[in-house]
Each structure stands twice: as C-alpha cells, then as structure tokens.
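# Observations on the three-dimensional arrangement
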Amino acid sequence: WLDYRGIEIKGSSTISQADIQQQVDQYMAKRPLDKNILFTNTNDLEIELKKHYSTIKQLNINRTLLLKLQFNIKESTAALLWQSGGSRWIVAEDGRILRPAEKQETITGTIVDTAQLAVKPGDRVADEQFISFVRTIYDQAKGYGFNVKTTTIESTTRELKVYVDNNIYIRCDTSRGAGEQLRSAQTALATSNKNNTIPKEYIDVRVEGRVL
C-alpha cells in the first residue's frame, strides 16, 4: 500500500501533468522497486526527466503525505532565435537549445551560425554571458541609432557581427560591454559622416579605445 498514487506538478508552463505521468510510468515499469514511494530514487528520476525535457532548468521531486510525488519545475525561458543548418531553434537564456521554432514564431533577436553546425534540443550552443550580450545589443541598439537586422557568429562566440542599415556590420567582442561598443560604433559613424567617409563594409569596435 506504499506504492505511489499519482503525481502533482507545480511551476510548469509547457509540460503537462499527463506528459510527466507518462514518463514516470515508463520509469517505474523499468524499476519496480521505485513504485514504493519510500524507495523511489528521486535523484535518478530527476536526471531522466531532465534528459527528456530540454526546457527544464531546475527540478525538485518531493514525497507527499498522500503518497504522491510532487514535481516542482522551473523552466528555461526563450531568449533568442538560433539559426543553423537551415533550421531555426529557440535558445534559452542559459544558451541551451529548447526546441525547434514554429514556422511563424518570432522572437526579438536572431543569431545565425554561419558554421552551420547541427544542433538538437538540450545542446548548449553558448554560455549565459554571450546570450545576455546579444540580447543587450538588440535591446539597446536603437538608442544608439542602429537598426539591427541580424547577428552572426563564425567559429567562436567570442566575436559577434551585428548587421545594421547601410549594408554594414559592427564587429563586437562579446567579452566586453555591449553598450560601450555600440557607443563607440555610434561615435565612429558620426565622425565618418562628418568627414564624408561612410564605412563601406564594417566598423570594428573589438579593441577598447580603438575603432577600425
């Protein structure tokens, strides 16, 4: 009579209770001893569910007095669109691929991986600092007079190319502040306009105190 008698979930916005129940049932079928709530290995169950659901950022499983398993879920939130190999993906704020983007789905901010590396849900394609940098570029660019069309990376996330109007792009170092580099690009463009020497290809602001 100590077998678990169902589940409860809290905090989930995209994963239904029925989905979790199905995964738990499959897990229990392979490990009959875990059906006894006193012997349920919640750590292993957490690991299995995180493997299955790439959107789960944090998961805690508790036993209740009603012999149920309570799942407290914190999901990653969509941060940007990641385009690679002809496919569009939703990437989380921690740099993990969450899921394929819907055909008409739009999120402010796109990163194009020109290396065209294949990815799948759960893959970590960048770190949090890089994702934060790109989001700051999109959030603040208009304040510096730039209309961002897209951003691209090549073999490393250390450098970001920010494509703006006039068919030019800004070469940025993602390890430095996004705002200060936008400010440098704004100053450089204003100076070039004044001197009637508009950049034909790009503005390089990767080195502090130096613009090319």
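This text gives an overview of the structure that appears in the document.

About the thresholds
- Residues numbered from 1 in each chain as written.
- Predicted model: local features only at pLDDT ≥ 70, side-chain atom pairs only at ≥ 80, totals over all residues.
- Heavy atoms only, no water.
- Helix = DSSP H or I, 4+ residues; strand = E, 2+ residues; numbered from the N terminus.
- Buried < 20%, exposed > 50% of the residue type's maximum accessible area, 1.4 Å probe, protein only.
- Axes fitted to C-alpha atoms, helices over the stretch in contact; angles between N-to-C directions.
- Parallel < 35°, antiparallel > 145°, perpendicular 65-115°, else oblique.
- Left-handed = near helix turned anticlockwise from the far one by under 90°.
- Contact = heavy atoms within 4.5 Å.
- Nonpolar A, V, L, I, M, F, W, Y, C, P; charged D, E, K, R; others polar.
- Pairing = 2+ DSSP bridges.
- Core = buried A, V, L, I, M, F, W, Y, C linked by side-chain atoms within 4.5 Å.

### Digging into unusual backbone geometry
The backbone phi angle of Gln116 is positive, close to 60°, even though this residue is not glycine. The residue Gln116 is located in the loop between strand E7 (110-113) and helix H3 (128-140) in this model. We classify Gln116 as partly exposed; its relative accessible area is 41%. For Asn166, which is not a glycine, the phi torsion comes out positive at approximately 65°. Note that Asn166 resides in the loop between strand E9 (159-163) and strand E10 (169-173).

### Some remarks on the environment of Gly11
Among the secondary structure elements, Gly11 is positioned in the loop between strand E1 (7-10) and helix H1 (17-30). A relative accessible area of 60% means that Gly11 is categorised as exposed. Through-space distance from the C-alpha of Gly11 to that of Leu160 is 35 Å; in sequence the pair is 149 residues apart.

### Digging into the packing of H3 against helix H4 (residues 178-194)
Running from N to C, H3 and H4 point in directions that differ by 45°, and their axes come no closer than 9 Å. It follows that H3 is oblique to H4 by the angle criterion. In this structure, the crossing between H3 and H4 has a hand that is right-handed. Where H3 abuts H4, its residues Phe133, Thr136, Ile137 and Gln140 lie against Ala178, Gly179, Gln181 and Leu182. Tallied by class, the residues present in the contact of H3 with H4 amount to four nonpolar, four polar and no charged.

### Side note on the sheet that holds E1
With mixed pairing, the three strands of this open sheet are ordered in space as E1-E3-E2. Looking at which strands have only one partner, the edges of the open sheet turn out to be E1 and strand E2 (56-63). Direction aside, the axes of adjacent strands within the sheet are offset by 20° on average. Relative to strand E3 (residues 69-75), E2 is paired through seven bridges, and the arrangement is antiparallel. Bridging across to E3, Asn62 finds its partner in Gln70. Seen against the sheet, H1 touches E1 and E3 and runs at an angle of roughly 135° to E1. In the packing of helix H2 (residues 42-52) onto the sheet, contacts are made with E2 and E3, and the angle to E2 comes to roughly 150°.

### Overview of the nonpolar core
Ranked by size, the top nonpolar core spans 33 residues in total, and within it Trp82, Phe130 and Phe146 carry the most contacts. Within the residue set of this core, elements represented by two or more residues are strand E4 (78-84), strand E5 (87-92), H3, E9, E10 and H4. No other element matches H3, which puts six residues into this core. Each residue touching Phe130, except ones within four places of it in the same chain, is listed here: Trp82, Ile111, Ile153, Thr157, Leu160 and Thr174.

Geometric descriptors of this kind do not, in isolation, establish any biological role.
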